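Reading the structure
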Amino acid sequence: MKKIQMVDLNGQYQAIKEKVNSSLSTILENSAFINGPDVKAFQTELEQYLGVKHVIPCANGTDALQIAMMGLGLKPGDEVITADFTFAATVEVIALLQLTPVLVDVEPDTFNIDVAAIERAIGPKTKAIVPVHLFGQCANMDAILALAEKHNLYVIEDNAQAIGANYTATNGEKQKAGTIGHVGSTSFFPSKNLGCYGDGGAIFTNDDELAHTLRGMVNHGMYKRYHHDVVGVNSRLDSIQAAVLRAKLPKLDEYCSARRDAARKYNEAFAAQMHIVTPKTVNGCEGICDTCDCHVFHQYTLKITNGKRDALVEHFAEKGIPCGVYYPIPLHRQKAYLDDRYEEADFPVTNQLVKEVISLPMHTELDDEQINYITATVIDFVNG
């Protein structure tokens, strides 16, 4: 059996090696490293794939979130509601802009933000909601958009983990994750389903005026060289990363399908296990249906419910199986974001998840031998 990796980037590279190497060689020869043809081509190709009017490439996913908030004109003291159970970048940018983060609990099955908790948290200073499409599937966007319309709020999608996923609205219409709210953001960190070979990110919107503002903001507030019309930052996707993303984008659906296939095999192996809870899709399906397009499994995350999660992590290390605990500490308990407003009783689901979740290896190169070894190791240990 080949070595198990959490993400097999080299294996993925081998399948697109010729295309990537050729593109990088051309960039090196032409020396068009910033705002070169590959960046503009990738922008257009991603717009077409997502079915969105505007893609604004930038330097990373954290910048994408921050610039999206800047573009909406949010002011210091404005409250922004987001999930307690997510990576710190989501709340980090809120704090950096001197906005007020308001953390709320998540759903126990999908791990996405709890709409009822959002509604309870809305107050006179609330200006935006940031649903995080965690682990590869969308939050309940119909309900979130309805709340936003009722209270005149912006919706900023944190789509760092769900690019390629579809969201089916209650009216049957499908939209790509990240294109549903007022503005969306994503990360192209190497381990993402669509990842580059360094840092990269992008912002999505169908709002022409907002897109114009954002395009200036990512480039020092310039639309014309040395004319600074808005306060901006230096956040550009470079040509080398764009070339890598251009090689991968046509294969994104294939990548997501391979991840779903691996997730089905995991689910089947764990189906009868009392102390192992497998991921649920946003549509409430038991298992992963044959036509699933709602979950792209950036992570495959189990809940170990008999108190053995931490011991399983140690056991995996002994068995040569990588894993991840996303996330071990809730944001409301992180030193940087402590706030007297938060009560532990407000976060029952998150406080339980941080004790139970464990993410297994998940990537496009997983084979049956590896999956069988991983699942047998989990089952034997949890039941032992």
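Coordinates for the structure precede this section.
Along every chain, residues carry numbers that run from 1 in the direction the sequence is written. The predicted nature of this model means local features are confined to residues of pLDDT at least 70 and side-chain atom pairs, given and counted, to a pLDDT of 80 or more, with totals for whole chains, interfaces and linings taken over all residues. No hydrogens and no water enter the side-chain calculation; it runs on all heavy atoms of the structure.

So, about the packing of aromatic side chains. Note on ring pairs: Phe, Tyr and Trp rings are taken, using the six-membered ring of Trp, and paired if centres are within 6.5 Å. Classes follow the plane angle, with under 30 degrees stacked, over 60 edge-to-face and the rest tilted. Applying the stated criterion across every chain yields a total of 11 aromatic pairs. On the numbers, 5.5 Å between centres and 75° between planes, the contact of Phe42 with Phe188 is edge-to-face. One end of the pair, Phe42, is in helix α2 (residues 37-50); the other, Phe188, is in the loop between β8 (183-187) and β9 (201-205), with 146 residues separating them in the sequence. Phe188 shares its class with Phe42; the two are buried. Following the ring pairs from residue to residue traces out a cluster consisting of Phe85, Phe111, Phe135, Tyr326 and Tyr327. Over the aromatic face of Phe381 sits the side chain of Lys308, whose NZ or CZ is 5.6 Å from the ring centroid. Helix and strand definitions here come from DSSP, where helices need a minimum of 4 consecutive H or I residues and strands a minimum of 2 consecutive E residues; each element is numbered from the N-terminal end. Per-residue accessibility, obtained with a 1.4 Å probe over protein chains only, is compared with the maximum for each type, and a residue is labelled buried under 20%, exposed over 50%, and partly exposed between these values. By definition here, charges over rings are those cases where NZ of Lys or CZ of Arg is within 6 Å of the ring centre and within 35 degrees of the ring normal.

Moving on, we get to the pairing of strand β1 (residues 54-58). With five of five residues buried, β1 lies mostly within the body of the structure. Side-chain alternation along β1 places His54, Ile56 and Cys58 on one buried face and Val55 and Pro57 on a second face that is also buried. Two elements, β1 and β9, share five bridges in a ladder whose sense is antiparallel. Within β9, the position partnered with Pro57 by the bridge is Ala202. For two strands to be treated as a pair, DSSP must find no fewer than two bridges joining them.

Each axis is a line fitted through C-alpha atoms, taken for helices only over the stretch in contact, and angles between the N-to-C directions span 0 to 180 degrees. Running from amino to carboxyl end, helix α3 (residues 61-71) crosses helix α4 (residues 89-96) at an angle of 40°, the nearest separation of the two axes being 9 Å. When the axis of α3 is compared with that of α4, the two are oblique. The chirality of how α3 crosses α4 is right-handed. Along the contact surface, α3 presents Thr62, Leu65, Gln66 and Met69, while α4 presents Ala89, Thr90, Glu92, Val93, Ile94 and Leu96. When the residues that make up the contact of α3 with α4 are grouped by side-chain class, the tally is six nonpolar, three polar and one charged. Working definition: roughly parallel below 35 degrees, roughly antiparallel above 145 degrees, roughly perpendicular at 65 to 115 degrees, and oblique for all remaining angles. By definition, any crossing whose near helix is turned counterclockwise from its far helix by less than a right angle is left-handed, and any crossing with a clockwise turn is right-handed. When checking whether two residues touch, look at their non-hydrogen atoms; a contact exists if any pair is within 4.5 Å. Side-chain classes follow a simple rule in which Ala, Val, Leu, Ile, Met, Phe, Trp, Tyr, Cys and Pro form the nonpolar group, Asp, Glu, Lys and Arg form the charged group, and the remainder, Gly included, forms the polar group.

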